[in-house]
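# Chains, contacts and geometry: an overview
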Amino acid sequence: MLQSSVLVRIFLGLLSALEQVYLHSRLHQFLAALGRFLRRLFQGSLLGSFLYSLDGLLYTSVTAKIWVYLYRFINTVIAWIQLRLEGAFEDSYLYRFLHGFKTLPGGLYRGGMMSVGFGMGLLVLYVLTHRVMGLLGAVFLLGGAISLFFCRDIEGRSQSSLLMRMLLWLVTFFLTDEEAEQWQQEK
């Protein structure tokens, strides 16, 4: 889209023409000659020759060879571990459980089951200890039951309920345009 713009093409043509003018100018020839002179001067100097010889010594030294060997060995071990574990995580129970949260009915079902279980646990603690905080389990139990009720046939229930339609509209309002359009098309 940007390359098809006439203004951009004119600007790029102008820049390439200026580049050609600069490459054939005396200023470019002078700066290139100055750079070559300074490079030769540095290579011939004591500091330059020391640094260039040090660079050659580092790659041929025993210490550098040990570091390169360790680096290659660690990379080989990491690659071996990656090959062995490549499909192991996708087959695990935890991955399948978390993967179920990707869809709305799956997330409602799993969240509802966890909420019901947590609510039942708190109610059992209330029965055993008679603490008022245990009554909070009834709230989790009710929330889980509502979540389990809505996890099946969410589309039909969302179209019949005014509150659910308002909630779905609010969710699509906060999504980006592409996500909202995709979600509306999936309905």
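Predicted model only: the values in this text are computed from it and were never measured.

### Side note on the overall build of the chain
- Assigned secondary structure in the chain consists of 10 helices and zero strands.
- Going from N to C terminus, the chain has its helices and strands arranged as α-α-α-α-α-α-α-α-α-α.
- Here the chain holds 187 residues, and the buried ones make up 11% of them.
- Taking the contacts inside the chain whose residues are at least 6 apart along the sequence as the reference set, 32% of them involve residues at least 24 apart.

### Considering unusual backbone geometry
- Phi is positive for His 130, close to 55 degrees, though the residue is something other than glycine.
- Note on placement: His 130 falls in the loop between helix 6 (104-129) and helix 7 (136-151).
- By relative accessible area, His 130 is classed as exposed at 62%.

### Focus: the packing of helix 6 against helix 7
- For the pair helix 6 and helix 7, the least separation of the axes is 7 Å and the interaxial angle reads 155 degrees. Judged by the angle between their axes, helix 6 and helix 7 are roughly antiparallel. When the axes of helix 6 and helix 7 are compared, the crossing they make is left-handed.
- Among the residues forming the contact of helix 6 with helix 7, the class breakdown is 17 nonpolar, eight polar and no charged.

### Re the packing of aromatic side chains
- Evaluation of the coordinates by the stated rule reveals two aromatic pairs.
- When the ring of Phe 118 is compared with that of Phe 140, the centres are 4.8 Å apart and the planes differ by 85 degrees; the resulting orientation is edge-to-face. Here Phe 140 lies in helix 7 and Phe 118 lies in helix 6, a separation of 22 residues in the sequence.

### Notes on helix 7
- End to end, helix 7 covers 23 Å across 16 residues, agreeing with the expected 22 Å (1.5 Å per residue, within 8%).
- In this structure, the buried residues of helix 7 make contact with helix 6.

### Focus on a nonpolar patch on the surface
- A surface patch of nonpolar side chains, amounting to about 1,200 Å² of accessible area, comprises Val 62, Ile 66, Trp 67, Tyr 69, Leu 70, Phe 73, Ile 74, Val 77, Ile 78, Trp 80, Ile 81 and Leu 85.
- Tracing the sequence through the fold places Val 77 in helix 4 (residues 62-85).

### A look at the side chain of Ser 147
- Relative to the elements of secondary structure, Ser 147 occurs in helix 7.
- Residue class for Ser 147 comes out buried when judged on its relative accessible area of 12%.
- Those residues in contact with Ser 147 that sit more than four places away from it in its chain are Leu 108, Gly 111 and Gly 112.

### Structural notes on the side chain of Ser 115
- Here Ser 115 is to be found in helix 6.
- Polar side-chain contacts of Ser 115 include one of 2.6 Å to the backbone oxygen of Phe 140.
- For Ser 115, the contacting residues outside a window of four places in its chain are Phe 140, Leu 141, Gly 143 and Gly 144.

Conventions we followed
- Residues numbered from 1 in each chain as written.
- Predicted model: local features only at pLDDT ≥ 70, side-chain atom pairs only at ≥ 80, totals over all residues.
- Heavy atoms only, no water.
- Helix = DSSP H or I, 4+ residues; strand = E, 2+ residues; numbered from the N terminus.
- Buried < 20%, exposed > 50% of the residue type's maximum accessible area, 1.4 Å probe, protein only.
- Contact = heavy atoms within 4.5 Å.
- Axes fitted to C-alpha atoms, helices over the stretch in contact; angles between N-to-C directions.
- Parallel < 35°, antiparallel > 145°, perpendicular 65-115°, else oblique.
- Left-handed = near helix turned anticlockwise from the far one by under 90°.
- Nonpolar A, V, L, I, M, F, W, Y, C, P; charged D, E, K, R; others polar.
- Phe/Tyr/Trp six-rings, centres within 6.5 Å; stacked < 30°, edge-to-face > 60°.
- Expected span 1.5 Å × (residues − 1).
- Patch = residues over 30% accessible without salt bridge, like charges linked within 9 Å, V, L, I, M, F, W, Y side chains within 5 Å.
- Areas by Shrake-Rupley, 256 points an atom, 1.4 Å probe, with all protein chains shown as cover.
- Salt bridge = Lys/Arg side-chain N within 4 Å of Asp/Glu carboxyl O.
- Polar contact = N/O pair within 3.5 Å; in protein donor to acceptor, adjacent residues only side chain to side chain.

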